[in-house]
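Descriptive structure summary
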Amino acid sequence: MSYSYQINSKEQYDAAYQRSVEAPEAFWAEVAHNFQWRRKWDKVLDWNFAEPHVAWFAGAKLNITENCLDRHVAENPNRPAIIWEPNDPEEHHRVLTYKNLYDKVCQFAHVLKNNGVKRGDRVCIYMGMIPELAIAVLACARIGAIHSVIFGGFSAQSIADRLQDARAEYIVTCDGAFRGTKDIPLKSVIDDALIACPFVKRVIVCTRTRTPVSMIKGRDVWLEDELKKVETLGLTDCPAEEMDAEDPLFILYTSGSTGKPKGVVHSCAGYMVYTAYSFVNVFNYQPGDIHFCTADIGWITGHSYIVYGPLAAGATTLMFEGVPTWPDASRFWQIVEKYKVNILYTAPTAIRSLMGFGLQPLQGYDLSSLKVLGTVGEPINEEAWNWYNENIGKGNCPIVDTWWQTETGGMLISNMANITPGIPAWATLPLPGVQPVLVDEHGTEIEGNPAAGNLCIKAPWPAILRTTYGDHERCRKTYFSTYPGMYFTGDGAMRDAQGNYRITGRVDDVLNVSGHRIGTAEVENAINMHAGVVESAVVGFPHDIKGQGIYAFIIFQGLHEDENLTRQDILQTVSRIIGPIAKPDKIQFVTGLPKTRSGKIMRRILRKIAEGETSNFGDTTTLLDPAVVEEIAVGKL
Ligand code: 6R9
């Protein structure tokens with residue numbers, strides 16, 4: 001398979017970009033003709049950002065899995081679709097060809113149907129990184145059910161919140177998950193979550209760790225048993241449900257600046273076209289290339305660039321169950337050598353953590369198969385970029401610095417491998433179809449270069465979020481009201497004289513910890529639930545490996561003699577309420593918080609203190625009690 005929409009030169013990029021802005025409908029229609037449709041669209045694009053209302057390829061009928069599976073089975077049934085590397089390098093790896101994957105997705109789709117799942121139903125998937133996770137995702141899409149994958153690091157409470165918000169009545173999980181030396185008891189976490197979710201009708205449990213699990217009669221079933229039933233019934237192929245272009249494909253929860261995570265909704269057609277298009281062009285994917293994205297499918301990166309984008313493009317995608325540092329810090333390089341990986345897509349936090357082990361773990365590994373490197377999730381610092389370039393790419397591999405978000409569905413600003421040049425720590429240029437603008441605090445577009453401001457996007461691209469589940473007004477308020485007529489990303493950015501973008505980070509109260517989005521309000525709410533906590537304020541601070549760490553200032557009544565004990569207790573509460581990923585790195589007990597007369601916490605000052613500043617707090621005259629700043633700054637020493 002070759003791609004008629006593949007960009008092969010800078011000139012072609014320029015031409016594609018120009019056309020995508022001048023004639024977006026014609027541009028995307030041309031790309032979309034490369035996919036398999038049951039019926040083509042009546043209208044390519046219909047939109048207004050006021051409601052917001054965005055519809056791509058309206059009137060078209062399709063099923064994304066026919067594009068990810070059936071058409072490749074027809075052309076290249078034996079091509080590897082998924083290569084799976086287990087946590088333990090001693091365990092056998094698995095290779096699923098397109099035909100194998102097709103068969104497994106069809107069987108799983110029958111299991112879902114036999115268990116009552118229907119088109120439009122929400123299915124929560126809480127699994128480790130095993131092929132059955134990708135299979136479950138595709139099986140939902142096959143029958144038109146809406147999947148909502150929850151990352152394995154979230155707590156029972158977080159899962160319960162999401163299940164309730166999505167009204168998900170079906171769950172697919174595993175007994176447990178292997179990650180490095182840990183066995184994570186997934187089913188047991190689900191059991192805890194379900195105490196608060198009596199509406200859940202069925203839990204399908206896949207075996208992986210074979211840790212003992214409780215199976216509730218009438219609710220819980222083993223996947224193996226269900227697959228046997230399907231086999232006995234002689235059910236093989238499962239015809240794909242004919243979906244409307246704008247039917248929801250999945251919900252993925254993400255953190256914002258308010259307390260409760262939002263269910264970002266993506267729809268079928270636009271998401272499919274955009275993830276395949278961006279996958280092929282940003283990575284300069286060539287048929288036969290092995291693509292290794294190290295993300296977890298619990299995040300958007302895994303959805304778009306482990307599952308849907310690569311499979312829609314007929315690529316070979318590598319799924320890794322484990323962590324980069326187990327059994328030792330050479331694990332990624334072992335995998336690259338073992339499978340002759342061509343494209344490696346990872347996060348700056350992983351690069352920085354591996355940098356810390358020095359060059360020894362690289363010794364003896366053949367990385368010569370690598371052609372393209374990528375990063376995502378947070379700004380990459382120059383030191384990490386240089387290390388990645390010199391030691392992994394050996395100076396020969398373009399590094400694509402891909403900026404995008406859960407809400408954008410696919411990469412929006414990035415250099416394109418072998419097409420447009422990379423600049424260390426710059427995401428560089430927008431993809432065709434993407435119109436970024438920088439705005440000042442009044443919402444006025446800043447024209448001319450160079451410039452710096454808040455990053456917005458002027459017009460829709462096919463994979464833009466359509467709504468936040470169950471609350472369209474929240475979607476409007478969060479993304480389309482700050483700067484009317486534009487999608488607001490929540491990020492700040494700079495633009496150089498040539499029009500390249502550098503993302504400087506979030507301008508809202510969202511932290512980016514090891515590439516994971518965490519809302520400060522969410523962490524504060526969790527801390528405040530702990531007995532004894534009177535009030536808390538959470539800010540980010542620069543962290544060598546995580547990018548940002550979490551710093552919590554807490555007013556506590558009746559502190560234990562050993563403050564550290566109380567700290568541990570609070571961490572335990574945060575773990576229970578959100579998950580271990582949200583645990584603060586530092587907790588400082590204080591007697592007051594810097595507040596304005598109107599009662600707003602001045603986070604600017606707390607951020608400075610968290611960064612290590614002990615004076616120069618700027619204007620503190622609006623504070624109710626300026627002395628509190630001094631006390632906190634001194635207390636930190
Ligand atoms: C794909 C993903 C989105 C936030 C985003 C921004 C940060 C992502 C980046 C980057 C600088 C990059 N971000 N990629 N910042 N350079 N290449 O990560 O989605 O989890 O929703 O996070 O991550 O701040 O707003 P998500």
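The rules behind each value
- Residues numbered from 1 in each chain as written.
- Predicted model: local features only at pLDDT ≥ 70, side-chain atom pairs only at ≥ 80, totals over all residues.
- Heavy atoms only, no water.
- UniProt positions renumbered as here; feature names shortened; annotations may be inferred.
- Helix = DSSP H or I, 4+ residues; strand = E, 2+ residues; numbered from the N terminus.
- Near = heavy atom within 4 Å.
- Polar contact = N/O pair within 3.5 Å; in protein donor to acceptor, adjacent residues only side chain to side chain.
- Nonpolar A, V, L, I, M, F, W, Y, C, P; charged D, E, K, R; others polar.
- Phe/Tyr/Trp six-rings, centres within 6.5 Å; stacked < 30°, edge-to-face > 60°.
- Buried < 20%, exposed > 50% of the residue type's maximum accessible area, 1.4 Å probe, protein only.
- Salt bridge = Lys/Arg side-chain N within 4 Å of Asp/Glu carboxyl O.
- Pairing = 2+ DSSP bridges.
- Axes fitted to C-alpha atoms, helices over the stretch in contact; angles between N-to-C directions.
- Core = buried A, V, L, I, M, F, W, Y, C linked by side-chain atoms within 4.5 Å.
- Contact = heavy atoms within 4.5 Å.
- Expected span 1.5 Å × (residues − 1).
- Domains from an automatic or database assignment.
- Buried area = accessible area lost by both parts, 1.4 Å probe.
- Right-handed = clockwise from strand over helix to strand, strands pointing away.
- Parallel < 35°, antiparallel > 145°, perpendicular 65-115°, else oblique.

Here the focus is the UniProt feature "domain: AMP-dependent synthetase/ligase" (unreviewed entry) in the chain. Here the UniProt-annotated "domain: AMP-dependent synthetase/ligase" (unreviewed entry) positions come out as residues 69-461. The distance separating the terminal C-alpha atoms of residues 69-461 is 25 Å; by composition the span is 31% helix and 22% strand.

What follows covers the site of the ligand. The environment of the ligand is formed by 17 residues, the closest being D401, T406, D491, R506 and R517. Within the contact set of the ligand, a nitrogen atom lies 2.7 Å away from a side-chain nitrogen or oxygen of D401. A distance of 2.6 Å separates an oxygen atom of the ligand from a polar atom in the side chain of D491. Counting only elements with at least two residues in the shell around the ligand, the list comes to helix 10 (300-312), strand 20 (399-402) and strand 25 (501-506). Of the residues belonging to the shell around the ligand, the class tally is six nonpolar, six polar and five charged.

For the structure on display, the rule yields 39 aromatic pairs. Plain terms: the ring middles of F49 and F480 are 4.9 Å apart, the flat faces sit at 50 degrees to each other, and that makes the pair tilted. Of this pair, F49 sits in the loop between strand 1 (43-48) and strand 2 (53-58) while F480 sits in helix 14 (residues 472-480), and the two are 431 residues apart along the sequence. In this pair, the class of F49 matches that of F480, namely buried. Relative to F480, the ring of Y479 lies with its centre 6.5 Å away and its plane at 75 degrees, an arrangement referred to as edge-to-face. Both residues of the pair, Y479 and F480, count as buried.

By the definition in use, this model includes 34 salt bridges. A salt bridge links E246 to R466, with the shortest nitrogen-to-oxygen separation between them at 2.8 Å. Taken together, the positions of E246 in the loop between strand 13 (243-244) and strand 14 (248-254) and R466 in the loop between strand 22 (451-457) and strand 23 (467-468) put the pair 220 residues apart, joining distant regions of the chain. When its relative accessible area of 11% is taken as the criterion, R466 is described as buried. Between E535 and K595 there is a salt bridge, with its nearest N and O atoms 2.8 Å apart. Taken as a pair, E535 in strand 28 (residues 533-543) and K595 in the loop between strand 30 (586-590) and helix 17 (603-610) lie far apart in primary sequence, 60 residues in all. When its relative accessible area of 22% is taken as the criterion, E535 is described as partly exposed. A relative accessible area of 21% means that K595 is categorised as partly exposed. One salt-bridge network, in which partners are shared between bridges, spans K187, D191, R219 and D220.

Bringing the sheet that holds strand 22 into the picture now. The four strands are arranged 21-22-24-25 in an open sheet whose pairing can be described as antiparallel. Edge positions in the sheet fall to strand 21 (436-439) and strand 25, since each has one partner strand and no second. Taking each pair of neighbouring strands and ignoring which way they run, the sheet shows an average axis angle of 45 degrees.

This brings us to the nonpolar core. Residues W28, W37, F57, L101, I125, L163 and Y308 are the most contacted members of the largest nonpolar core, which totals 178 residues. Examining the composition of this core, we find that eleven residues originate from one element, helix 9 (residues 268-282), more than from any other. Apart from residues no more than four positions distant in its own chain, I125 is found in contact with L133, A136, V137, C140, H147, S148, V149, I150 and V172. V341, A350, I351 and C397 belong to the second-largest nonpolar core, a separate cluster that totals 29 residues.

Here we come to the environment of Y17. With respect to the helices and strands, the residue Y17 is situated in helix 1 (residues 10-22). The spacing of Y17 and P432 is 415 residues in sequence and 4.3 Å in space, taken between C-alpha atoms. Once you skip the residues sitting within four places of it in the chain, Y17 turns out to touch P430, L431, P432, G433, V434, Q435 and P436.

So, about helix 16 (residues 563-577). Relative to the 21 Å expected for 15 residues at 1.5 Å per residue, helix 16 spans 21 Å between its end C-alpha atoms, a close match to the ideal helical length. Tucked into the core, helix 16 has its buried residues touching helix 6 (156-166), helix 15 (520-528), strand 28, strand 29 (547-556) and strand 30. The backbone nitrogen of N564 has a side-chain oxygen 3.0 Å away, supplied by the residue at the start of helix 16, namely D562. Looking at the residues trailing helix 16, positive phi occurs at G579, about 150 degrees.

Before going further, it helps to spend a moment on the domain arrangement of the chain. Parsing the chain into structural domains produces domain 1 (10-63 + 246-506), domain 2 (65-241) and domain 3 (514-634). When each unit is reduced to the centre of its C-alpha atoms, the spacing between domain 2 and domain 3 is 38 Å. Buried area between domain 2 and domain 3, both sides added, is near 490 Å², and the carbon and sulfur share of it is 56%. For the pair domain 2 and domain 3, the number of links is zero salt bridges. Our enumeration of links across domain 2 and domain 3 arrives at five residue pairs in polar contact (both at pLDDT 80 or more). Partitioned by chemical class, the residues of the side of domain 2 that touches domain 3 number two nonpolar, four polar and no charged.

Next up on the list: the pairing of strand 20. Along strand 20, one buried face is formed by I399 and D401 and the opposite face, lined by V400 and T402, is buried too. When strand 19 (residues 372-376) meets strand 20, the two strands line up parallel, connected through four bridges. Residue pairing in the sheet places G374 in a bridge with V400 of strand 20. Of the crossover connections in this fold, the one passing from strand 19 over helix 13 (residues 382-392) to the parallel strand 20 is right-handed.

With that settled, the discussion passes to helix 13. In an α-helix, one full turn covers 3.6 residues, which means residues spaced three or four apart are oriented alike. Among all positions of helix 13, only A384, W385, W387, Y388, N389, N391 and I392 are buried. Contacts made by the buried residues of helix 13 are with helix 11 (331-339), strand 18 (343-346), helix 12 (348-355), strand 19 and strand 20. Taken from the residues just after helix 13, K394 is the one with a positive phi, measuring 50 degrees.

Looking now at the pairing of strand 15 (residues 262-267). Most of strand 15 is tucked away, with six of its six residues classed as buried. The alternating pattern of strand 15 places K262, V264 and H266 and G263, V265 and S267 on opposite faces, both of which are buried. As paired elements, strand 15 and strand 23 share two bridges and run antiparallel to each other. Within strand 23, the residue paired with V265 across the bridge is T467.

What follows covers the packing of helix 9 against helix 10. Packing of helix 9 against helix 10 brings their axes to within 8 Å, and their N-to-C directions diverge by 90 degrees. Here helix 9 lies roughly perpendicular to helix 10, going by the angle between them. Side by side, helix 9 and helix 10 meet where Y271, T275, A276, S278 and F279 of the first sit next to H303, S304, Y305, Y308, G309, P310 and A312 of the second. In terms of residue class, the contact of helix 9 with helix 10 is built from seven nonpolar, five polar and no charged.

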